[in-house]
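A structural walkthrough
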Amino acid sequence: MKNDAGSIQAKTEDLSPAEEKQAMLSAIVATSDDAIISKTLKGIITSWNPAAERLFGYPEKEAVGKHISLIIPPDRIGEEEMIINGISRGERISHFETIRMARDGRMIPISVSISPILSNKGLIIGASKIVRDLTDRIKAVEKEGVLAAIINTSDDAILSKTLEGIITSWNPAAVKMFGYTETEAVGQHISLIIPSDRIEEEAYIINEVSKGNKIDHFQTLRRAKNGMLIPISLSVSPIVDDRGKIIGASKIARDISAEQALQQETERLYGQLKKLNAQKDEFIGLASHELKTPLTSINGYLQILAQQITEGRNKMFVLKCLQQVTRLSSLVEDLLDVSRIEAGKLRFANEDFNICEVVADAVDLISHANDSYRVTLHSSVGEYKIKGDAHRIEQVLVNLLTNAIRYSPGTNHIEVYLDLETDKVKIGIKDFGIGIAKGDLDSIFSRYYRVDDNNIQAAGLGIGLYLCYEIVTRHKGNIWVESIHGKGSTFWFTLPC
Ligand code: ADP
């Protein structure tokens, strides 16, 4: 442009003042950001500058010579007659806002100013138009409208203030939350709603905002016009002017009284639940303890009776009683273990023992007690020492083997695997029974969890697997199950060597 201007300067030295003026006008028209168009009184376009090309998409040679209706939408064609009439009377039209049509059919909002063109003799021979594209201005106005609608309909109080703390805007939610009307609040200092013992918060907020920082979800209290304190969550952002200078702060305040009440209620209910749970654990602990003493005496007396009674039928009854008492004792013992775990009092021995022997013993015990089942042990080793509580590990094995039999009605075969891996021993108990549905797998080791399966009537308390989990994890091992519903399950556990 500079070079062009330079060359114009050079050439104008030889021009007459009228020619010089003409050259300057041409340069202005060529470089204008506004479209500049001229036309005859009949509406025929006679000039079309580069900005008109850009705005309407027609190159100069396509527009000049055409009727101006080229860019007038059909429903606005009447405007042309009105414009030409005015121009013919020598009138100027300023900032007439309307719509014109681009070559690609796009409707462009414009502001147009039209002046008559006079001949040398002072006759009106046409009109010149300066057209400004209003698209950006309309978009900005629309954006402003959307923002205003958001602010006016927000449930959160939205307000702004200067860096000196003077309130500059106050939306309807702020009116509702704090009770002050917009007129009462705007122009006042923000301390209007700050409780006196929190006034220093304002200095902190202004300090942060002045540094360009945002404050998010700052929980505090504000005072309403009626004196009531309102718990709020406050987010504050700096307001920056066109030149990037911080000139104030915008605040969004959310009333969190309902949220807080809900949280307090949840905490209260949770506390109540925890208390009830502790009472239940205490009851189970006490009850199992109280049950243990009479059970031990019944067991003792039944054993004496079993030795003394020789008559077939009566002996069978006593032996059946003994069997049931043993089962009951083991349930009570399990319940006592649960309450010991809850009280953090489940103790473990920490001795070296041969895991292969413990597995073989458990397999023998279960095989003898259930002679209709074949329990096969697959093990490649006879001795492997690990550290821990042999008695508790046997409890895990007996629990898993008992479950394998209980939950496999109509089958007669259980497999037990014992494998040594680099740093651990891995034990698996596989049955071919009812299996476990996918949805239950995650909960199966939880306390008191039992699968709700109407087809199986096995009694139980849902604590066997929980105890297995506690014992294995306290030995720093892992326990898990692989199962196909209806086909069987394999419970695995590992113990570190
Ligand atoms: P209980 O057997 O006393 O109910 P457990 O904690 O031992 O308690 O087992 C929890 C639940 O897991 C059982 O109710 C049963 O539904 C399921 N379960 C345990 N072992 C097996 C198994 N081998 N096959 C299928 N389901 C099992």
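Residues numbered from 1 in each chain as written. Predicted model: local features only at pLDDT ≥ 70, side-chain atom pairs only at ≥ 80, totals over all residues. Heavy atoms only, no water.

**Comments concerning the overall build of the chain**
Selection rule: The secondary structure listing takes helices from DSSP runs of H or I that are at least 4 residues long and strands from runs of E that are at least 2 residues long, numbered from the N terminus. Our radius of gyration looks at C-alpha atoms and nothing else; its globule reference is 2.2 Å times the residue count to the power 0.38. With a 1.4 Å probe rolled over the protein chains alone, any residue whose accessible area is under 20% of its type maximum counts as buried; one over 50% counts as exposed, and the rest are partly exposed.
Within the chain, the regular secondary structure consists of 15 helices and 17 strands. For a compact globule of 497 residues, the expected C-alpha radius of gyration is about 23 Å, and the chain comes in at 46 Å, more than 25% above that figure. When its C-alpha atoms are laid out on the principal axes, the chain stretches across 150 × 60 × 45 Å. Residues classed as buried in the chain amount to 36% of the 497 residues present.

**Focus: the UniProt feature "domain: PAC" (unreviewed entry) in the chain**
Going by this rule: UniProt positions are given in the numbering used here, feature names are shortened, and annotations may be inferred rather than shown by experiment.
Listed under "domain: PAC" (unreviewed entry) in the UniProt record, and renumbered for this structure, are residues 92-146 and 214-268. From the first C-alpha to the last, residues 92-146 spans 36 Å; its make-up is 22% helix and 56% strand.

**Things to note about the packing of aromatic side chains**
Condition: For Phe, Tyr and Trp, where Trp contributes only its six-membered ring, two rings pair if their centres lie within 6.5 Å, and the inter-plane angle classes them as stacked under 30 degrees, edge-to-face over 60, or tilted in between. Here, over-ring charges are defined by two tests on the NZ atom of lysine or the CZ atom of arginine: distance to the ring centre within 6 Å, and angle to the ring normal within 35 degrees.
Taken as a whole and judged by the stated rule, the model has 7 aromatic pairs. Between the aromatic rings of Phe445 and Phe491, the centroid separation amounts to 6.2 Å while the plane-to-plane angle is 80°, which identifies the pairing as edge-to-face. With Phe445 in the loop between helix H14 (438-441) and helix H15 (464-474) and Phe491 in strand E17 (residues 488-496), the pair connects residues that are 46 residues apart, well separated along the chain. Side by side, Phe445 and Phe491 carry an identical accessibility label, which is buried. Among the aromatic residues, ring-to-ring pairing joins Trp48, Phe56 and Tyr58 into one connected group. Stacked on the ring of Trp492, the Lys or Arg Lys426 has its end atom at 4.4 Å from the ring centre.

**Things to note about helix H10 (residues 257-308)**
What counts is decided by this rule: Helix span, expected: 1.5 Å multiplied by one less than the number of residues in the helix. Any two residues having at least one pair of non-hydrogen atoms within 4.5 Å are treated as being in contact.
With 52 residues, H10 ought to run about 76 Å at 1.5 Å a step, and its terminal C-alpha atoms sit 76 Å apart, in line with that. For H10, the complete set of buried residues consists of Asp281, Ile284, Gly285, Ser288, Leu295, Leu302 and Ala306. In the core, the buried residues of H10 are packed alongside helix H11 (312-342).

**Here we look at helix H12 (residues 355-369)**
We count it as follows: Directions are taken from the helix axis to each C-beta atom, and the arc is the one they span. Polar contacts here mean pairs of N or O atoms no more than 3.5 Å apart (in protein, one a potential hydrogen donor and the other a potential acceptor; neighbouring residues in sequence count only if both atoms are side-chain atoms).
The terminal C-alpha atoms of H12, which comprises 15 residues, lie 21 Å apart, in line with the 21 Å expected from a rise of 1.5 Å per residue. Buried residues of H12: Ile355, Cys356, Val358, Val359, Ala362, Val363 and Ile366, and no others. Down the axis, H12 shows its buried residues gathered within 165° of arc, on one side only. Capping the start of H12, Asn354 holds a side-chain oxygen 3.1 Å from the backbone nitrogen of Cys356, two or three residues further along.

**Digging into the pattern of salt bridges**
Oppositely charged side chains can pair when the atoms bearing their charge come close. We count it as follows: Every case where a carboxyl oxygen of Asp or Glu lies within 4 Å of a side-chain nitrogen of Lys or Arg is listed as a salt bridge.
All chains considered together, the criterion is met by 27 salt bridges. Between Asp104 and Arg106 there is a salt bridge, with the nearest N and O atoms lying 3.4 Å from each other. Given the relative accessible area of 44%, Arg106 is considered partly exposed. The residue Arg340 makes a salt bridge to Glu333 at a minimum N-O spacing of 3.4 Å. Judged by relative accessible area, which is 25%, Arg340 ranks as partly exposed. Judged by its relative accessible area of 28%, Glu333 is partly exposed. Ionic contacts of the salt-bridge type, sharing partners, join the residues Lys292, Glu333, Asp337, Arg340 and Arg392 into one network.

**Observations concerning the nonpolar core**
Note the threshold: Think of a nonpolar core as a cluster: buried Ala, Val, Leu, Ile, Met, Phe, Trp, Tyr and Cys residues, connected wherever their side-chain atoms sit within 4.5 Å.
Formed by 36 residues in total, the largest nonpolar core has its most connected members in Ile355, Ile393, Leu397, Ile427, Ile429 and Phe493. Only H12, helix H13 (390-406), strand E14 (413-421), strand E15 (424-430), H15, strand E16 (478-484) and E17 provide two or more residues apiece to this core. Here Ile427 is in contact with Ile355, Val359, Leu397, Tyr417, Leu418, Phe491, Trp492 and Phe493, once residues within four sequence places are set aside.

**Details of the packing of H10 against H11**
The packing of two helices is summarised by the inter-axis angle and the distance between the axes. To keep things clear, this is the line we draw: Geometry is summarised by axes, namely lines fitted to C-alpha atoms with helices restricted to the contacting stretch, and by angles between N-to-C directions that run from 0 to 180 degrees. Put simply, angles under 35 degrees are roughly parallel, angles over 145 are roughly antiparallel, angles from 65 to 115 are roughly perpendicular, and the rest are oblique. Two helices cross in a left-handed way if the nearer one is turned anticlockwise from the farther one by less than a right angle. They cross in a right-handed way if the turn is clockwise.
In contact at an axis separation of 8 Å, H10 and H11 are set at 155° when each is read in the N-to-C sense. Comparing the axis directions of H10 and H11 gives the class roughly antiparallel. Seen along the crossing, H10 lies across H11 with a hand that is left-handed.

**Some words on the pairing of strand E4 (residues 107-118)**
So the rule is basically this: Pairing between strands requires that DSSP locate at least two bridges from one strand to the other.
As defined by bridge partners, strand E3 (residues 93-101) adjoins E4 across 7 bridges and the pair is classed as antiparallel. Each residue of the ladder has a partner; that of Ile99, found in E4, is Pro109. Where E3 hands over to E4, the hairpin turn is made up of 5 residues, of which Gly105 adopts a positive phi near 90°. With 9 bridges joining them, E4 and strand E5 (residues 124-133) adopt antiparallel strand pairing. The residue of E5 that forms the bridge with Ser115 is Ser128.

**Here's the deal with the sheet that holds E3**
Taking strand neighbours across the sheet as the criterion, the 5 strands line up as E2-E1-E5-E4-E3 in an open arrangement whose pairing is antiparallel. The sheet is open, and its two borders are formed by strand E2 (45-48) and E3, each paired with just one other strand. The average undirected angle you get between the axes of adjacent strands in this sheet is 30°. Here helix H5 (residues 78-88) sits on the sheet in contact with strand E1 (35-40), E3, E4 and E5, set at roughly 155° to E3.

**Description of unusual backbone geometry**
Among all residues save glycine, negative phi is the norm, and among peptide bonds the norm is trans. Positive phi is not limited to glycine here, since His217 has a value of about 50°. Residue placement: His217 occurs in strand E8 (residues 215-223). The phi dihedral of Tyr448 falls on the positive side, at around 65°, and the residue is not glycine. Tracing the backbone through its elements, the reader meets Tyr448 in the loop between H14 and H15.

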